[in-house]
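# Structure at a glance
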Amino acid sequence: TTPEMILVRTEGRVGVITLNRPKALNALNEQLMNELGAALKAFDADPEIGCMVITGSEKAFAAGADIGAMATYTFADVYVNDYITRNWETIRSVRKPVIAAVSGFALGGGCELAMMCDFIIAADNAKFGQPEIKLGIIPGAGGTQRLPRAVGKAKAMDLALTGRMMDALEAERAGLVSRVVPLDKLMDETLAAALTICGFSLPSVMAAKEAVNRAFESGLSDGVMFERRLFHALFATADQKEGMAAFVEKRAPVFTNT
Ligand code: HXC
């Protein structure tokens with residue numbers, strides 16, 4: 001079935017997913033999250049794809065979970081049926097890199113979705129926030145956990161308790177986003193980064209992602225040991241031989257993802 005709330009395309013080996021529910025500022029409802037999850041899984045399984053990008057519109061990456069859809073839910077609805085949250089975990093199972101290209105509002109679930117991506121490139125008009133407190137709730141897709149890991153306790157508390165927005169420059173200073181670029185350069189810059197990643201050996205790219213993510217799940221010694229195992233394992237790949245031989249021979253490597 002053709003998705004209705006996202007647009008899916010490829011640019012070379014990059015899978016690009018554009019959230020496309022403009023009338024609701026890309027508010028994330030069940031259907032949109034299901035379509036996003038299915039598109040990510042399809043790209044992850046596609047050997048032609050090396051990296052993915054999630055983006056929105058100029059005005060909004062996503063203004064959060066769909067408030068209208070949530071408004072009348074009871075505790076039993078959300079707890080027993082896992083409404084709202086049940087299809088948010090798909091993105092965490094994606095093993096190829098996913099870049100968030102954020103312009104406009106990334107609020108609530110929109111900020112959380114961006115933070116679930118591997119890194120965020122922000123347009124200069126981006127605004128990040130966790131305004132759930134204004135609705136009588138708290139973040140529900142990892143915001144209280146990923147935001148402090150990204151920006152530290154002080155700013156995470158400030159944002160979660162006051163509901164204020166943070167602009168792109170503050171987000172970059174705080175470490176939430178890796179770069180800020182002019183709005184009209186957002187897709188060019190993001191695709192350039194994604195295409196760069198696609199040019200490397202996929203086993204090493206996936207190992208780098210896995211190892212960095214491990215830093216958030218383990219103590220330092222265990223994390224370093226995890227890294228060491230992956231580092232050693234990559235010496236079993238043809239691409240390690242090719243990458244190093246190419247350097248020694250002063251030529252460009254030809255990786256085969258093997
Ligand atoms: C449903 C939304 C929406 C949302 C915007 N819209 N955000 N609909 N859910 N989260 C709709 C508006 O109702 C409006 O529809 C249209 O999008 C345009 O929005 P406006 O408010 O008219 O635009 P503007 O004045 O520019 O204000 C932009 C805004 C504001 C500041 C982003 O829309 C806003 O505050 N939105 C809510 C942000 C929020 O609280 N997010 C957190 C949600 S809770 P109509 O039909 O009137 O034109 C959450 C929990 C996460 O995310 C849980 C994860 C599991």
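All of the points below concern the structure found in this document. The structure presented is a predicted model; accordingly, all values stated were derived computationally and were not measured.

Conventions we followed
- Residues numbered from 1 in each chain as written.
- Predicted model: local features only at pLDDT ≥ 70, side-chain atom pairs only at ≥ 80, totals over all residues.
- Heavy atoms only, no water.
- Helix = DSSP H or I, 4+ residues; strand = E, 2+ residues; numbered from the N terminus.
- Rg over C-alpha atoms; globule rule 2.2 N^0.38 Å.
- Buried < 20%, exposed > 50% of the residue type's maximum accessible area, 1.4 Å probe, protein only.
- Contact = heavy atoms within 4.5 Å.
- Pairing = 2+ DSSP bridges.
- Axes fitted to C-alpha atoms, helices over the stretch in contact; angles between N-to-C directions.
- Core = buried A, V, L, I, M, F, W, Y, C linked by side-chain atoms within 4.5 Å.
- Near = heavy atom within 4 Å.
- Polar contact = N/O pair within 3.5 Å; in protein donor to acceptor, adjacent residues only side chain to side chain.
- Areas by Shrake-Rupley, 256 points an atom, 1.4 Å probe, with all protein chains shown as cover.
- Nonpolar A, V, L, I, M, F, W, Y, C, P; charged D, E, K, R; others polar.
- Lys, Arg positive; Asp, Glu negative; His and termini not counted.
- Salt bridge = Lys/Arg side-chain N within 4 Å of Asp/Glu carboxyl O.

Moving on, we come to the overall build of the protein chain. Helix and strand content of the protein chain: 11 helices and 10 strands. Its C-alpha atoms give the protein chain a radius of gyration of 19 Å, near enough to 18 Å, the size a compact globule of 258 residues would have. In the protein chain, which comprises 258 residues, the proportion classed as buried is 42%. Across the protein chain, the fraction of contacts at a sequence separation of at least 24, relative to all contacts at a separation of at least 6, is 66%.

With that out of the way, let us pick up the environment of leucine 7. Mapped onto the fold, leucine 7 is located in strand E1 (residues 6–11). On a C-alpha basis, the gap between leucine 7 and alanine 69 in space is 22 Å, while along the polypeptide they are 62 residues apart. Residues contacting leucine 7, with those up to four places away along its chain left out, are Val16, Ile17, Thr18 and Asn20.

So, about the sheet that holds strand E4 (residues 60–62). Taken in spatial order, the 4 strands make up an open sheet running E4-E6-E8-E9, and their pairing is mixed. Two strands in the sheet have a free side with no partner beyond their single neighbour: E4 and strand E9 (166–167). Of the strand pairs in this sheet, strand E8 (residues 127–129) and E9 are connected by 2 bridges, and their pairing is antiparallel. Across the sheet, residue lysine 127 finds its bridge partner in E9, namely aspartate 167. Across the face of the sheet, helix H4 (residues 109–116) comes into contact with E4, strand E6 (105–107) and E8 while running at roughly 90 degrees to E6.

If you walk across this open sheet you meet the 6 strands as E1-E2-E3-E5-E7-E10, and the pairing is mixed. Sheet topology places E1 and strand E10 (179–181) at the edges, where each strand pairs with a single neighbour. Each neighbouring strand pair of the sheet contributes to a mean axis angle of 20 degrees, computed without reference to strand direction. Inspection of the sheet shows strand E3 (residues 51–55) paired to strand E5 (residues 98–102) by 4 bridges, in the parallel sense.

Turning our eyes to something else, we now look at the nonpolar core. Counting residues in each nonpolar core, the largest one holds 44 residues, and the members touching the most others are Phe128 and Leu176. By residue number, the principal contributor to this core is helix H1 (residues 30–45), which donates 6 residues. The residues contacting phenylalanine 128, other than those within four sequence positions of it, are Val102, Ala106, Leu107, Cys111, Ile120, Ala122, Arg164, Met165, Met166, Ala171, Leu176 and Val177. Listed in part, the 16 residues of the second largest apolar core include Cys51, Ala123, Ala193 and Val205.

Right, let's talk about the site of the ligand for a bit. By nearness alone, 25 residues border the ligand, and Lys59, Ala63, Ala65, Ile67 and Gly109 come closest of all. Within the backbone of alanine 63, a nitrogen or oxygen atom sits 2.9 Å from a nitrogen atom of the ligand. At 3.0 Å, a backbone N or O of isoleucine 67 approaches a nitrogen atom of the ligand. The protein chains hide 63% of the 1000 Å² of surface that the ligand would expose on its own. Of all the secondary-structure elements, those providing two or more residues to the shell around the ligand are helix H2 (67–70), E6 and H4. Residue composition of the shell around the ligand, grouped by class: 15 nonpolar, 5 polar and 5 charged.

What follows concerns the side chain of lysine 96. Tracing the chain through its elements places lysine 96 in the loop between helix H3 (75–80) and E5. Of the side chains bearing the opposite charge, aspartate 44 lies closest to the buried lysine 96, which forms no salt bridge; the N-O distance is 4.9 Å. One polar contact links the side chain of lysine 96 to the main-chain carbonyl oxygen of aspartate 44, over a distance of 2.9 Å. Engagement of the side chain of lysine 96 in a polar contact is seen with the backbone oxygen of isoleucine 49, the distance being 2.9 Å.

Our focus in this paragraph is the pattern of salt bridges. On inspection of all chains with the given rule, the structure shows 11 salt bridges. Between arginine 21 and aspartate 66 there is a salt bridge, with the nearest N and O atoms lying 2.8 Å from each other. In this pair, arginine 21 sits in the loop between strand E2 (14–19) and H1 while aspartate 66 sits in the loop between E4 and H2, placing the two residues 45 residues apart along the sequence. Assigned by exposure class, arginine 21 and aspartate 66 land together as buried. A salt bridge links lysine 209 to aspartate 118; the nearest nitrogen and oxygen atoms lie 2.8 Å apart. Taken together, the residues lysine 209 in helix H9 (residues 202–214) and aspartate 118 in the loop between H4 and strand E7 (119–123) connect sequence positions 91 residues apart. A cluster of three or more residues bridged by salt bridges with shared partners is formed by Lys155, Asp158, Arg164 and Glu170.

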